[in-house]
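Residue-level structural notes
For reference, the chains in residue letters:
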Amino acid sequence: VVGMQGACGRDDFFWAFGALKTNALRPFSQPQALRLVPMLSFLSHSRRPNCNTKFASSGIFKKEETLDLVATSPLRKGDVLLYDFDPQKNEIDVLVDYGTFDLEGPSRGMELTLEIDENDPLYDDKCDVLEEAGLEAPRHSFAVAEGEGDQMIPEDALAFLRLCHLNGMDSFLLESVFRNDVWGFMKEPVSKENESKVCESMIRSCEEALAEFPTTVEQDKEIIGGLAGSRGCRATLAVEARLTEKLSLRGLLACFKTERAQIPFKEYYQERRLKSLDLLDMDGNSTY
């Protein structure tokens, strides 16, 4: 730290940074700013909270801000104050930001971050499409639920992936005449080639991510079982977070393998377009 050589070491810095990160909230009047709220240290994180916080204006000219702690259910003397530190974040991100994890009723899942390749010759067009769809470009994050099945992949995440892999003969969809409709096109299968690239890229990414872990899902469950008497300790929280990420990745892997198996049976843009022009009947047969 400039001007504090010898007075502040590495451990001191991390302690101070941790104290700030785990005891800070953003006030409604200045969402870009942070306010230290030591009171947060007295609250326990839970997805089934019994209290909430509320910034309020005070003073004669309502220029001062106070933070009120409001009970959302009846409380008795001695009750533990339960507070959801961030309803929009999954348990892994809450652990990173606040150093806590709800072991009783966690918000399972993970954050999936996707990005348009900056070397893509259609990079600018694709970023324009994302911005018009109200998504961040060139990178956007999606909440992915833990488990298996189509419901764990957000519709916009699939559309983003199809846009990422849009090239070759499918590139005509990025022409200006289609600009207002492109994002809607991406929400349905575009072509066999595009859908194959989406599935293969995600299957490969999930397999590589799972291979980087030093333990398996089964081993993590055994570790957690061995720590049953130490619930809430750092080791338990860390393994729970790791297990949550693995289960989410494993669910994504299974989901995209299922999607890959369905590729021969899906309906693609060209077929949908011909049907809309009455050039194909509902069975895919030519009408002329």
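Notes on the structure in this doc start here. (Residues numbered from 1 in each chain as written. Predicted model: local features only at pLDDT ≥ 70, side-chain atom pairs only at ≥ 80, totals over all residues. Heavy atoms only, no water.)

Quick word on a nonpolar patch on the surface
As a reminder of what qualifies: For patch detection, residues must exceed 30% relative accessible area and be free of salt bridges, and they are connected within 9 Å for like charges or within 5 Å for nonpolar side chains (Val, Leu, Ile, Met, Phe, Trp, Tyr). What sets the accessible areas is the Shrake-Rupley method with a 1.4 Å probe; for residues, cover comes only from the shown protein chains. We define a salt bridge as a contact between a side-chain nitrogen of Lys or Arg and a carboxyl oxygen of Asp or Glu at a distance within 4 Å. Labels follow the DSSP assignment, with helices taken as runs of H or I lasting at least four residues and strands as runs of E lasting at least two, numbered in each case from the N terminus. We call a residue buried when its accessible area falls under 20% of the maximum for its residue type, exposed when it is over 50%, and partly exposed in between, using a 1.4 Å probe and counting protein chains only.
A grouping of Phe13, Phe14 and Phe17 is seen on the molecular surface, where their side chains present a nonpolar patch of about 310 Å² in accessible area. Mapped onto the fold, Phe17 is located in helix α1 (residues 10-22). Judged by relative accessible area, which is 42%, Phe17 ranks as partly exposed.

Quick look at the packing of aromatic side chains
Applicable threshold: Pairing of aromatic rings covers Phe, Tyr and Trp, the last through its six-membered ring, and needs centres within 6.5 Å; plane angles under 30 degrees mean stacked, over 60 mean edge-to-face, and all others mean tilted.
A complete count under the given rule lists nine aromatic pairs for this structure. Centroid distance Phe85 to Tyr98: 5.0 Å. Interplanar angle 50 degrees. Geometry classified as tilted. Here Phe85, found in the loop between β6 (82-83) and α2 (91-98), pairs with Tyr98, found in helix α2; they are 13 residues apart in sequence, far enough to count as distant. Neither Phe85 nor Tyr98 differs from the other in exposure class; each is buried. Three or more aromatic residues joined by ring pairs form one cluster here, namely Phe172, Phe178, Phe185 and Tyr269.

Considerations on helix α9 (residues 269-276)
What counts here: For this quantity, the arc is that covered by the directions from the helix axis to the C-beta atoms. What makes two residues a contact is simply this: any of their non-hydrogen atoms within 4.5 Å.
Here α9 has its buried residues at Tyr269, Arg272 and Lys275. With its buried residues spanning 130 degrees around the axis, α9 presents them on a single face. Summarising the contacts, the buried residues of α9 are in contact with α5 (182-186). Of the residues one or two after α9, Asp278 is the one with positive phi, at around 60 degrees.

As for the environment of Asp124
Along the chain, Asp124 falls in helix α3 (residues 123-132). Between the C-alpha atom of Asp124 and that of Ala137, which follows or precedes it by 13 residues, the distance is 9.7 Å.

Observations regarding the nonpolar core
Heads up, the rule is: What is meant by a nonpolar core is a set of buried Ala, Val, Leu, Ile, Met, Phe, Trp, Tyr and Cys residues, joined one to another through side-chain atoms within 4.5 Å.
Counting residues in each nonpolar core, the largest one holds 47 residues, and the members touching the most others are Ile153, Phe160, Leu163, Trp183, Met186 and Phe256. When residues of this core are traced back to their parent elements, those giving at least two are α2, β7 (110-115), α3, β8 (139-144), α4 (155-164), α5, α6 (192-211) and α8 (234-261). Leu163 has contacts with Lys126, Val129, Leu130, Leu174, Trp183 and Met186, leaving out every residue within four places of it along the chain. Ranked by size, the runner-up nonpolar core spans ten residues in total, among them Phe55, Tyr83, Phe85 and Val94.

Some remarks on the pairing of β8
Spelled out, the test is: Strands pair, by our definition, only if DSSP identifies at least two bridges between them.
By the alternation rule, side chains of β8 split into His140, Phe142 and Val144, which are all buried, and Arg139, Ser141 and Ala143, of which none is buried. With six bridges joining them, β7 and β8 adopt antiparallel strand pairing. Bridging from a neighbouring strand, Leu114 pairs with His140 of β8.

Some thoughts on the pattern of salt bridges
Going through the model one piece at a time under the given rule, you end up with 20 salt bridges. What you see here is one network of salt bridges that share partners, running through Arg162, Glu195, Glu259 and Lys266.

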